[in-house]
Amino acid sequence: MTRTDKETLLAVEGLGIAFGGLKAVNDVSFEVKPGEVVSIIGPNGAGKTTLFNMISGVYRPGSGRVRLGGEDVTGMAPHLLARRGMSRTFQNLQIFQSITVLENAVTGYHLSERGPILADLLSLPSSRRRARAAETGARDLLARVGLERAAEREAGNLSYGSLKRLEIARALALDPKVLLLDEPAAGCNAVETEEIDHLIAEVAASGVAILLVEHDMKMVMRISNHIVVLDHGERIAEGDPAMVSRDPAVIAAYLGADAEGIHADG
Amino acid sequence: MRITPKLATLLVLAALVAITPFFFPSGYYYRVGALIFVNGIAVTGIVILTGYAGQISLGHAGFAGIGGYACALAPVHLGLHPALAVVLGAAVSALLAYLVGRPILRLKGYYLGVATLGFGILVSMVLNNERDLTRGPDGIDVPELGLRALLKDQGLNLTNGEFWYFFCGICLILGAWIALNLHDSPAGRALRALHGSEVAARTVGIDVARMKLSAFVISAVYASVSGSLLALQNKFITPDVAGFMHSIEMVTMAVLGGVGSVLGAILGAGILTLLPQVLTVFAEYEQMVLGLVMVLVMIFLREGLLPSILRRLRGRGE
Ligand SMILES: Nc1ncnc2c1ncn2[C@@H]1O[C@H](COP(=O)(O)OP(=O)(O)OP(=O)(O)O)[C@@H](O)[C@H]1O
Ligand SMILES: [Mg+2]
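Here's a quick rundown of the structure. (Residues numbered from 1 in each chain as written. Chains lettered and ligands numbered in written order. Predicted model: local features only at pLDDT ≥ 70, side-chain atom pairs only at ≥ 80, totals over all residues. Heavy atoms only, no water.)

## Examining the overall build of chain A
Per the secondary structure count, chain A includes twelve helices and ten strands. Overall size of chain A, expressed as C-alpha extent along the three principal axes, is 65 × 40 × 40 Å. The buried share of chain A, reckoned over its 266 residues, is 55%. With 28 positive and 35 negative side-chain charges, chain A shows a separation of 7 Å between the mean positions of the two kinds. (Helix = DSSP H or I, 4+ residues; strand = E, 2+ residues; numbered from the N terminus. Buried < 20%, exposed > 50% of the residue type's maximum accessible area, 1.4 Å probe, protein only. Lys, Arg positive; Asp, Glu negative; His and termini not counted. Charge placed at Lys NZ, Arg CZ, Asp CG, Glu CD.)

The following block contains the structure:
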């Protein structure tokens, strides 16, 4: 797969952060264009989630820049990034446990369903209309990730794999331009993984720029246009799947089982 | 028409308000009922702040004090009709909640609890010490609302007890309706979402600080109106209305009945308002009982009475 020649949507430039003395991420740069899947891989503790947290505004970067559609958005609050078209999922599930599956998905429509709070307090027709539109959208999205039958259940009661898909549905509800997925297939069985795989490809095909962190190498090799390899917070390799899987530094960083995974599909 | 949880709650409340007077042993119980409704209004505000948004206030009685003293002072000093004094008290409470909450709710963590604790103490001190204005700890007279006389002219003749019972009951149903509207609305959903996970709420675009501030301001208005109704029906108010114990009472009532449920919290208000009337010893040991209730609820009924009971019933039904 080759990279498109479209305008860069998300640009990460020399991004870094340290916790105490530990440089969790150091001087990492890459770009993502519309319709591309760019994957970040690396061993446990390499700094992938920390990188996501900086890009999505959860952490303020210690150094470097993040640009979204050309605009410098470094350190911008997550809810403002959401308004600019960024959306993400979490490795350690961040589900609204005590509300229903449907309501979880509906929260993804917050930006389109919110309105004057007075209208909400008095349940004016405008407020009900906004809520209904969001609910219709959310039901469609739940069907898309195979959760339509769980809509009325309390989210906390769902299996891990279902919650992973619920997070994806909620992230898609924002109709994002850039979607960050942190290990979307972790804890999912083979069938679920393949469904998520198809879903990501479908979303990318609709023009969304996707940044993916995933340990399932088969999936990464199959759907990525471009791969960035991190180890100890540093970018140790970058390129298309074939290039990366042949890279001696990558094989050394992974060793063992995962390295075989890379060979198998590279 | 489908019976939604919202409609069910409102029907239950309306039935309770309308039917219980038939069982009153004496006229005195109209007064107890009215007190329950007044506390129920304050506690409904706590449901919005704590049950929906997950924020804790330890000084909500401060807003009740502002609402109460607005009814005592505004008619005398500003020449306002007592009904407009209720509105003025609510507006002042909302403004103060905004000013206190705005800087605090940007911070993560339990700062709101500490800040509201200070706020409540401050209001209480002002009411006790500014004798020239408030007459201090002995309390101050509050003018007649005048609505009962108006109804009498229309041919509806109610005793004072009956009037305040039904008037506060209607106000409580109105307050519950608003809180239930909020629950299922986009804003209410955002509040309950940030309660579950702030980081996820922010990434779906929810302005967490602003939503918490809205909940705090709305709940302050509930407490203020509750304080106003208390002052107007007693035609008298003392600084106790703004005291720390009253703040703790509000939270305990809500937690006992179920802080996530409007009906549950009102049930909690009913139980803890009724107890001292039935058991006179309770009054002596009120602080101890409140403390004990809190500890026991947290250990055995984390969600509160009503949600726990409903869950058990539903579990048996399946
Ligand atoms: N808030 C924090 N405070 C201190 N250290 C942190 C914090 N967040 C991450 N770290 C550290 O930064 C390093 C990178 O962690 P990170 O979670 O980004 O790794 P990862 O690549 O996502 O790993 P995994 O594959 O296990 O998810 C780790 O050493 C971790 O302990
Ligand atoms: Mg991680």
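## Observations concerning helix α2 (residues 28–52) of chain B
All names here are of chain B. If you check α2, its first and last C-alpha atoms are 35 Å apart, about what 25 residues at 1.5 Å a residue would give, namely 36 Å. Along α2, the helix axis deviates most sharply at I46, where the bend reaches about 30 degrees. In terms of burial, α2 is largely enclosed, as 22 of its 25 residues are buried. Positive phi appears at G54, one or two residues downstream of α2, with a value of about 75 degrees. (Expected span 1.5 Å × (residues − 1). Bend = angle between axes of the 7 residues up to and from the residue.)

## Points about the sheet that holds strand β5 (residues 71–72) of chain A
Residue and element names in this part refer to chain A. Spatial strand order, β2-β1-β4-β5: four strands in an open sheet with antiparallel pairing. Only two strands of the sheet have a single neighbouring strand rather than two, namely β2 (22–32) and β5. Note that strand β1 (residues 10–19) and β2 share seven bridges and pair antiparallel. Following the sheet pairing, L15 is matched in β2 by V28. The strands that helix α1 (residues 48–55) touches are β1, β2 and β4 (63–68); relative to β1, the one it contacts most, it runs at about 115 degrees. (Pairing = 2+ DSSP bridges. Contact = heavy atoms within 4.5 Å. Axes fitted to C-alpha atoms, helices over the stretch in contact; angles between N-to-C directions.)

## With respect to unusual backbone geometry
Positive phi is not limited to glycine here, since D27 of chain A has a value of about 50 degrees. For D27 of chain A, the location among the structural elements is in strand β2. Despite not being glycine, K235 of chain B has its phi angle at roughly 55 degrees, a positive value.

## A look at the packing of aromatic side chains
Inspection of the entire model under this criterion finds 13 aromatic pairs over all chains. Geometrically, the ring pair formed by F37 of chain B and Y165 of chain B is tilted, given 5.1 Å between the ring centres and 55 degrees between the ring planes. You can see F37 of chain B sitting in helix α2 and its partner Y165 of chain B sitting in helix α8 (residues 160–183), a full 128 residues away along the chain. Their ring planes at 10 degrees and their centres at 5.5 Å tell us that F163 of chain B and F167 of chain B sit as a pair that is stacked. In this pair, F163 of chain B and F167 of chain B are both assigned in helix α8, four residues apart and thus about one turn of the helix distant. Classification of F163 of chain B as buried rests on a relative accessible area of 4%. Note on F167 of chain B: relative accessible area 23%, which makes it partly exposed. Here a set of aromatic residues connected by ring pairs shows up, and it is made of F24, Y28, Y29, Y30, F37, Y165 and F166 of chain B. When the ring centre of F96 of chain A is taken as origin, the NZ or CZ atom of R170 of chain A, which lies over that ring, is 4.8 Å away. (Phe/Tyr/Trp six-rings, centres within 6.5 Å; stacked < 30°, edge-to-face > 60°. Lys NZ or Arg CZ within 6 Å of the ring centre and 35° of its normal.)

## Points about the interface of chain B and chain A
Every contact between the two is made by 26 residues of chain B and, on the other side, 32 residues of chain A. Counting across the interface, chain B meets chain A through four salt bridges. Across the salt bridge formed by R189 of chain B and E103 of chain A, the nearest N and O atoms sit 4.0 Å from each other. Taken together, the connections running from chain B to chain A amount to six residue pairs in polar contact (both at pLDDT 80 or more). Those elements giving two or more residues to the side of chain B that touches chain A turn out to be α8, α9 (186–196), α10 (198–203) and α11 (208–234) of chain B. Of the residues forming the side of chain B that touches chain A, the biggest block, seven residues, is contributed by α9 of chain B. Of the residues that constitute the side of chain B that touches chain A, the class distribution is 13 nonpolar, seven polar and six charged. (Salt bridge = Lys/Arg side-chain N within 4 Å of Asp/Glu carboxyl O. Polar contact = N/O pair within 3.5 Å; in protein donor to acceptor, adjacent residues only side chain to side chain. Nonpolar A, V, L, I, M, F, W, Y, C, P; charged D, E, K, R; others polar.)

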